[in-house]
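# Examining the three-dimensional arrangement
Read off the chains here:
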Amino acid sequence: AFALSECFGCQVHIVVRGKSLEDKMSGYLIDKLNKQPNVTIHLETDLTSVDGGRELEDATLTDRRTGKEETLHADHLFVMIGASPRTMWLPDEVQRDEHGYVVTGSGLDRETRNAFEDRYERAPLARETSVEGLFAAGDVVAGSQKRVASAVGAGADSVGDRYRHEHDG
């Protein structure tokens, strides 16, 4: 969001469904955004429609508290929905950090890593979780960069790990 706010001559509207930015964003970034004169933050607001011809022209925002709609001229739209790992569906045996991100390879805690090594007579592969043969890559992994290029590279690494797992035993 901050990088977008540095666009010279642009008005940036940040639409936040929640009551605050503090739940999902670092304090120093919030401070920087609040100091940007070209940034308007809309809390408890939904993007309810977009309109245009061959290009985006307008975006309509609806305040969740009042139901009031506001239509803004818009040339571009960047969407980021959520930053939670959503790993609750995984079995309990998959080690996660305190935020719910999946821990892999050498990041596993010492007790889990030792149990893995004792059971399977090998160390977990780089993208392997605490469950033998289950691999994770991308934003869901603890300590990952949360960038598309990093996720793609990690995905390629996990394919290599999966191949090694299948062929090297």
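See the structure shown above.
Notes on the structure in this doc start here. (Residues numbered from 1 in each chain as written. Predicted model: local features only at pLDDT ≥ 70, side-chain atom pairs only at ≥ 80, totals over all residues. Heavy atoms only, no water.)

## Looking at the overall build of the protein chain
The line we're drawing: Helix and strand assignments follow DSSP, with helices taken as H or I runs no shorter than four residues and strands as E runs no shorter than two, numbered in order from the N terminus. Exposure classes here rest on a 1.4 Å probe applied to the protein chains alone. A residue is buried below 20% of its type maximum, exposed above 50%, and partly exposed in between. Throughout, a residue-residue contact means that at least one pair of heavy atoms, one from each residue, lies within 4.5 Å. Areas reported as accessible are Shrake-Rupley estimates using a 1.4 Å probe. Residue values count occlusion only from the protein chains shown. Charged-residue counts in this description rest on Lys and Arg as positive and Asp and Glu as negative, His and the chain ends being excluded. Throughout, a charge is located at the NZ atom of Lys, the CZ atom of Arg, the CG atom of Asp or the CD atom of Glu.
Within the protein chain, the regular secondary structure consists of 4 helices and 5 strands. Put simply, the protein chain runs from its N terminus to its C terminus through helices and strands in the order α-β-α-β-β-β-β-α-α. If you line up the protein chain on its principal axes, its C-alpha atoms span 60 × 35 × 30 Å. Per-residue burial over the protein chain gives 30% buried out of 169 residues. Across the protein chain, every contact between residues at least 6 apart in sequence was considered, and the portion connecting residues at least 24 apart equals 43%. Carbon and sulfur atoms form 50% of the exposed surface of the protein chain, whose accessible area is close to 11600 Å². Of the charged side chains in the protein chain, 20 are positive and 30 negative, and the gap between their average positions amounts to 2 Å.

## A short note on the sheet that holds strand S5 (residues 69–73)
Which entries qualify depends on this criterion: Pairing between strands requires that DSSP locate at least two bridges from one strand to the other. Axes, fitted as lines to C-alpha atoms, cover a helix only where it is in contact. Angles between the N-to-C directions of the axes lie from 0 to 180 degrees.
Within the open sheet, the 3 strands sit side by side as S3-S4-S5. Their pairing is antiparallel. Pairing within the sheet leaves two strands with one partner each, and these edge strands are strand S3 (45–52) and S5. This sheet shows a mean twist of 25° between the axes of neighbouring strands, independent of strand direction. Here strand S4 (residues 56–63) runs beside S5; their pairing, made up of 5 bridges, is antiparallel. Looking across to S5, one finds that Ala59 is bridged to Leu72.

## Notes on the pattern of salt bridges
Condition: By salt bridge we mean one thing: a side-chain nitrogen of Lys or Arg within 4 Å of a carboxyl oxygen of Asp or Glu.
With the rule as written, the count across this model stands at 9 salt bridges. Close ionic contact of Arg65 with Asp63 constitutes a salt bridge, the shortest N to O distance being 2.9 Å. The salt bridge partner of Arg164 is Asp161, with a shortest N-O separation of 2.5 Å. Placement of both Arg164 and Asp161 in helix H4 (residues 148–168) is noted, with a separation of 3 residues, approximately one turn of the helix. According to the relative accessible area criterion, Asp161 is buried, its value standing at 3%. Here the residues in one salt-bridge network are Glu44, Asp63 and Arg65, joined through shared partners.

## Quick notes on a nonpolar patch on the surface
Going by this rule: What makes a patch is a set of residues exposed beyond 30% relative accessible area and free of salt bridges, joined within 9 Å when like-charged and within 5 Å when nonpolar (Val, Leu, Ile, Met, Phe, Trp, Tyr).
A cluster of nonpolar side chains, Val15, Leu47, Val50, Leu77, Val79 and Ile81, forms an exposed patch at the surface whose accessible area comes to about 520 Å². Within the element layout of this structure, Val15 appears in strand S1 (residues 12–15). Judged by relative accessible area, which is 33%, Val15 ranks as partly exposed.

## Some words on the nonpolar core
Our working definition: Residue types Ala, Val, Leu, Ile, Met, Phe, Trp, Tyr and Cys, when buried and joined through side-chain atoms within 4.5 Å, form a set referred to as a nonpolar core.
By size, the foremost hydrophobic cluster in this structure holds 7 residues: Val12, Ile14, Val16, Leu21, Ile30, Leu33 and Val39. Broken down by secondary-structure element, the contributors of at least two residues to this core are S1 and helix H2 (27–35). In this structure, Val94, Val102, Ala136 and Val141 belong to the second largest nonpolar core, which totals 5 residues.

## Quick notes on H4
Just so we agree on the cut-off: Here, expected helix span is obtained from the residue count minus one, scaled by 1.5 Å. Our arc is simply the arc of the directions from the helix axis toward the C-beta atoms.
Compared with the 30 Å implied by 1.5 Å per residue over 21 residues, the 30 Å span of H4 between its first and last C-alpha is a close match. What H4 keeps buried is the set Ala154, Ser158, Asp161 and His165. Summarising the axial view, the buried residues of H4 lie within an arc of 60°, below the 170-degree limit, and thus occupy one face. Facing away from the buried side of H4, by more than 90 degrees, are the exposed residues Val148, Ala149, Val152, Ala156, Val159 and Tyr163.

## As for unusual backbone geometry
If you check the backbone angles, Glu44 has positive phi at about 50° while not being a glycine. Relative to the helices and strands, Glu44 is located in the loop between strand S2 (39–42) and S3. Residue Glu44 is classed as buried on the basis of its relative accessible area, which comes to 17%. Positive phi, normally seen in glycine, also occurs at Arg86, with a value near 50°. Among the structural elements, Arg86 can be located in the loop between S5 and helix H3 (110–120). The exposure class of Arg86 is exposed, given its relative accessible area of 56%.

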